[in-house]
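One-letter residues, chain by chain:
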Amino acid sequence: MRDHAKFIDPFELDLLDLGAATRITYGVEQRFAYEYSSSVWELQHQLMVIPPSEYGSYRRIWHDVAVSHSGAETTQVQDSSGNEITTISIPQVDDAITFEVHAHVERTNPALPVLVRENAGHSSSGSVSGASAWLSETPLTGADDDILAHAQALAQGAAGLDFADKVAAFIHDTVQYELETTDVRTTAAQALSLGRGVCQDQAHIMLAMCRSQGLPARYVSGHLLGEGGTHAWVEVLVPPEDPELDGTLEAVAIDPCHGRRCGPQYVTIAVGRDYREVAPTSGWYRGTANSTLSTTKRVGIIDIQF
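All figures in this text were calculated on a predicted structure; none of them were measured in a lab.

Caption draft 1: Inspection of the overall build of the protein at higher detail. Along the backbone of the protein there are five helices and 17 strands. For 306 residues, the compact-globule estimate of 2.2 N^0.38 gives 19 Å, and the protein sits close to it at 20 Å. Seen through its principal axes, the protein has C-alpha atoms that stretch 60 × 45 × 40 Å. Going through the 306 residues of the protein one by one, you find that 48% of them count as buried. A fraction of 71% describes how many contacts in the protein between residues 6 or more apart in sequence connect residues 24 or more apart. With the model as given, the accessible surface of the protein reaches about 14200 Å², and the carbon-plus-sulfur share is 48%. Where the 20 positive side-chain charges of the protein centre and where its 40 negative ones centre are 2 Å apart.

Caption draft 2: Structural context of the sheet that holds strand β2 (residues 40–47). Pairing is antiparallel across the open sheet formed by four strands, whose spatial order is β5-β6-β2-β16. In the strand order of this sheet, the two ends are held by β5 (73–78) and β16 (281–286), each with one partner. Neighbour-to-neighbour, the strand axes of this sheet turn through a mean angle of 15°, independent of strand direction. Note that β5 and strand β6 (residues 84–93) share six bridges and pair antiparallel. Note on β6: the bridge partner recorded for V77 is I85.

Caption draft 3: Region of the structure containing the confidence of the model for the protein. Chain-level statistics for the protein give a pLDDT mean of 91 and a share of 94% at 70 or above. Segment residues 122–129 is flagged for pLDDT under 50; beyond a separation of four residues in sequence, or across chains, it makes 18 contacts in the model.

Caption draft 4: Just the pairing of strand β12 (residues 231–238), in detail. Counting buried residues along β12, eight of its eight residues qualify, which places the element largely inside the surrounding structure. Here β12 shows no split at all, with H231, W233, E235 and L237 on one side and A232, V234, V236 and V238 on the other all buried. Between strand β11 (residues 217–224) and β12, which pair antiparallel in sequence order, lie six residues; one of them, G226, sits at a positive phi of approximately 95°. Where β12 lies against strand β13 (residues 248–255), five bridges are found, and the strand directions are antiparallel. Note that in β13 the partner of V238 across the bridge is E250.

Caption draft 5: View of helix α2 (residues 145–154). Restricting attention to buried positions, one finds in α2 the residues I147, A151 and L154. Summarising the axial view, the buried residues of α2 lie within an arc of 65°, below the 170-degree limit, and thus occupy one face. On its buried face, α2 is in contact with α3 (160–174), α4 (188–194) and α5 (199–212).

Caption draft 6: Just the nonpolar core, in detail. Grouped together as the largest cluster of nonpolar side chains are 40 residues, with contacts concentrated most on F163, I205, M206, M209 and V236. When contributions to this core are tallied by element, the ones reaching two or more residues are α2, α3, α4, α5, β11, β12, β13 and β15 (266–272). No other element matches α5, which puts eight residues into this core. Apart from the residues within four sequence positions on either side, F163 is in contact with A151, L154, A155, A158, M209, C210, Q213 and L215. Membership of the second largest hydrophobic core comes to 29 residues, among which are L249, C262, I301 and I304.

Cut-offs and rules
Residue indices follow the written sequence of each chain, beginning from 1 at its first position. Residue-level local features of this predicted model are given only where pLDDT is at least 70; pairs of side-chain atoms are given and counted only at 80 or more, and the full residue set underlies all totals for whole chains, interfaces and linings. Side-chain metrics in this entry use all non-hydrogen atoms of the structure; hydrogen atoms and water are not considered. Per the convention used, a helix needs a DSSP run of H or I reaching at least four residues, while a strand needs a run of E reaching at least two, with both numbered from the N terminus. For the radius of gyration, the atoms used are the C-alpha atoms, and the globule rule reads 2.2 Å times the number of residues raised to 0.38. The buried label goes to any residue with under 20% of its type's maximum accessible area, the exposed label to any with over 50%, and the partly exposed label to all in between, with areas taken from a 1.4 Å probe on protein chains only. Here, residues are in contact when the closest pair of their heavy atoms is within 4.5 Å. Note on areas: Shrake-Rupley, 1.4 Å probe, and residue coverage restricted to the protein chains presented here. Residues counted as positive are Lys and Arg, residues counted as negative are Asp and Glu, and His and the chain ends are not counted. Every charge is mapped onto a representative atom, which is NZ of Lys, CZ of Arg, CG of Asp or CD of Glu. Each pair of strands is called paired provided DSSP finds at least two bridges between the two strands. Axis definition: a line fit to C-alpha positions, over the contact stretch in the case of helices; interaxial angles, taken between N-to-C directions, run 0 to 180 degrees. What pLDDT conveys is the predictor's confidence in a given residue, as a value from 0 to 100. Of all possible arcs, the one meant is that of the directions from the helix axis to the C-beta atoms. Side-chain atoms within 4.5 Å are what join buried Ala, Val, Leu, Ile, Met, Phe, Trp, Tyr and Cys residues into a set we call a nonpolar core.

See the structure below:
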């Protein structure tokens, strides 16, 4: 395991123009600590916290997952969307366990939009259709009458990225960011009706609106520099401007929480149809114990070149 990276002081970064950089290297450090009220058995835990090996202009250059249990068996696979899934199997845990994740991610030309090329017929991973895979509703992103009405109104005179930008601005202005008003089961329709929620809810609303108007879109789980928790935003898939790339789609990242396109301060971890497909941590075990989770995270820039 490498030594922990030295992060550039945020006050120094404030004096720099990240958009003018030619290359940025990010450091990601996360710790998940579970405590159990009594012993548990046959624990199966899944982490979706490692950045993809390649993603648009991103490239993972190193990562490590450490488990505080000598009997842990760890496997890592990629799903059909290119997400890195780490599964930890442990026969027995008496009282507590921690997972520590470290990764370095390099990004070139960070001022440019995050463009991830998808074939209009098949995704870059060779799975189901790149467009249809991101058009289908999920239990969390179904469009009710209210969502449909707002989406149709925003679609008047706008399509593609123009429509997506209008949707993000609408959600930013309409849905107030507020903790502890929703949970992982809250649907897009419920969050819009409440007018409150977190980035996860705002992303779900945007997905519901975009998909209702035939615009393919997907949920992104990742990090925003300067924020304490995992962040969520949306990628919409649109035809590229270059006519020679006909038959492909470009994924453009937009953050409805802040009502803007994503830039150098965003680090992508995983993409899916909604939160449930890319939850950072999940799992199960045999036993009657209650569990308590505490987390810490540090994400920052460890190197920058101009």
